[in-house]
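# Structural overview for review
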Protein chains: 2
Amino acid sequence: MKRVVLCAAMVASMLSALPAMAQGPKPEDVIEFRQGVYKVIGWYFGPLGAMAKGDMPFDSQVAARNAGIVADMSKIAPDAFVRGSDAGETAVLPDVWSKSQDFDKVMTNFQQQSAKLAEVAQSGDFDAFRAQVGETGKACKACHDDFRKKRR
Amino acid sequence: MKRVVLCAAMVASMLSALPAMAQGPKPEDVIEFRQGVYKVIGWYFGPLGAMAKGDMPFDSQVAARNAGIVADMSKIAPDAFVRGSDAGETAVLPDVWSKSQDFDKVMTNFQQQSAKLAEVAQSGDFDAFRAQVGETGKACKACHDDFRKKRR
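Residues numbered from 1 in each chain as written. Chains lettered and ligands numbered in written order. Predicted model: local features only at pLDDT ≥ 70, side-chain atom pairs only at ≥ 80, totals over all residues. Heavy atoms only, no water.

### Considerations on the overall build of chain A
Along chain A, the regular secondary structure elements total 6 helices and 0 strands. Secondary structure of chain A in N-to-C order comes out as α-α-α-α-α-α. Looking at chain A residue by residue over its 152 residues, the buried ones come to 35%. A fraction of 71% describes how many contacts in chain A between residues 6 or more apart in sequence connect residues 24 or more apart. Total accessible area on chain A stands at roughly 9,300 Å², and carbon and sulfur atoms take up 57% of it. (Helix = DSSP H or I, 4+ residues; strand = E, 2+ residues; numbered from the N terminus. Buried < 20%, exposed > 50% of the residue type's maximum accessible area, 1.4 Å probe, protein only. Contact = heavy atoms within 4.5 Å. Areas by Shrake-Rupley, 256 points an atom, 1.4 Å probe, with all protein chains shown as cover.)

So this is what it looks like as structure tokens:
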């Protein structure tokens, strides 16, 4: 009986997955969406890096706003890794899906570091801010190192 | 004395604007950022439109999340219209800056309608949701009609 129920559940699960597969987004649309998400992240992270390095004067209001946007964007970033969206002009590596536990780990770390950056930026403490920009940058790099094709 | 102070203030203000002008973002970077912002908006608005039309079953949790993201993105959308970023491969019309009061009006309307959509989506009331998706779609269209080159 247990086996029959299991089979029925498997069939139901396979059937329910079918429409999603048939109607799923096209890889090129996912790729454009993903690139969009990271363009937005880069736009707001850029000045945070520049402030941390001293290339731009530290403005705690701008820092807090930008870091808040990066943290918000990090929450939607996982949506942009729809399976199969390595088919096309994209730097993503299939390891995102074949090593999904590792990917989830670096993604979660990015989310946590950027959430912390948003908090720290609000405090106005420049040293803490600079240190946390570094941690967030490392979190970005960890994912780029393992899950993005190297630029030539 | 007043005039001298005013002049000094003007010179200081001009000087302080210089580095910003010199170091301002390149038009192509702004264009990519802008397209990114609207890709993200489109990604999350798409299912809202499909649910409103009945092409996708109404899921109030998905609707609330997506609408919240669209509302958040609408708050950063104005950042993507840096003056001069009509130079390049972009559909933006220079009217964004030459008729900036009109542009601000349609942008503010988009922000207000999508904030309302996020509220309505949370209520789970499908009829109210459908109506507000329509209002938000109209707000999108108003800007596309007046400030975006027509697609051929």
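### Quick notes on the relation of the copies chain B and chain A
Least-squares fitting of chain B to chain A yields an RMSD of 0.0 Å, with the transformation described by 0.0 Å of translation along the axis and a rotation of 180°. What we have between these two chains is a two-fold relation. Among all residues of chain B, the one whose C-alpha sits closest to the rotation axis is Gly36 of chain B, at a distance of 1.8 Å. A share of 100% of interface residues in chain B that are also interface residues in chain A marks the association as one of identical surfaces. (Least-squares fit on C-alpha atoms with pLDDT ≥ 70 in both.)

### So, the interface of chain B and chain A
Facing the 19 residues of chain B at the interface are 19 residues of chain A. Of the roughly 1,400 Å² buried between chain B and chain A on both sides combined, carbon and sulfur atoms contribute 69%. Taken as a group, Phe33, Lys39 and Trp43 of chain B account for 37% of the area that chain B buries against chain A, more than any other trio of residues on that side. Our enumeration of links across chain B and chain A arrives at 4 salt bridges. The salt bridge partner of Asp79 of chain B is Arg65 of chain A, with a shortest N-O separation of 2.9 Å. For the interface between chain B and chain A, the tally reads 6 residue pairs in polar contact (both at pLDDT 80 or more). Where the side of chain B that touches chain A is concerned, the elements lending two or more residues are helix H2 (27-53) and helix H3 (60-76) of chain B. Tallying contributions element by element places H2 of chain B first for the side of chain B that touches chain A, with 10 residues. Split into classes, the residues belonging to the side of chain B that touches chain A amount to 11 nonpolar, 1 polar and 7 charged. (Buried area = accessible area lost by both parts, 1.4 Å probe. Salt bridge = Lys/Arg side-chain N within 4 Å of Asp/Glu carboxyl O. Polar contact = N/O pair within 3.5 Å; in protein donor to acceptor, adjacent residues only side chain to side chain. Nonpolar A, V, L, I, M, F, W, Y, C, P; charged D, E, K, R; others polar.)

### Re the nonpolar core
The nonpolar side chains of a soluble globular protein tend to be buried with one another. Core analysis: the biggest nonpolar cluster contains 74 residues, and Leu48, Met73 and Phe129 of chain A together with Leu48, Met73 and Phe129 of chain B have the highest contact counts within it. Not counting chain neighbours up to four residues away, the residues in contact with Met73 of chain B comprise Val40 and Met73 of chain A together with Val37, Val40 and Ile41 of chain B. (Core = buried A, V, L, I, M, F, W, Y, C linked by side-chain atoms within 4.5 Å.)

### Description of the confidence of the model for chain A
Mean pLDDT over chain A works out to 89, with 84% of the residues at or above the 70 mark. Both scores are available for the predicted complex, with the pTM at 0.85 and the ipTM at 0.84. (pLDDT = per-residue confidence, 0-100.)

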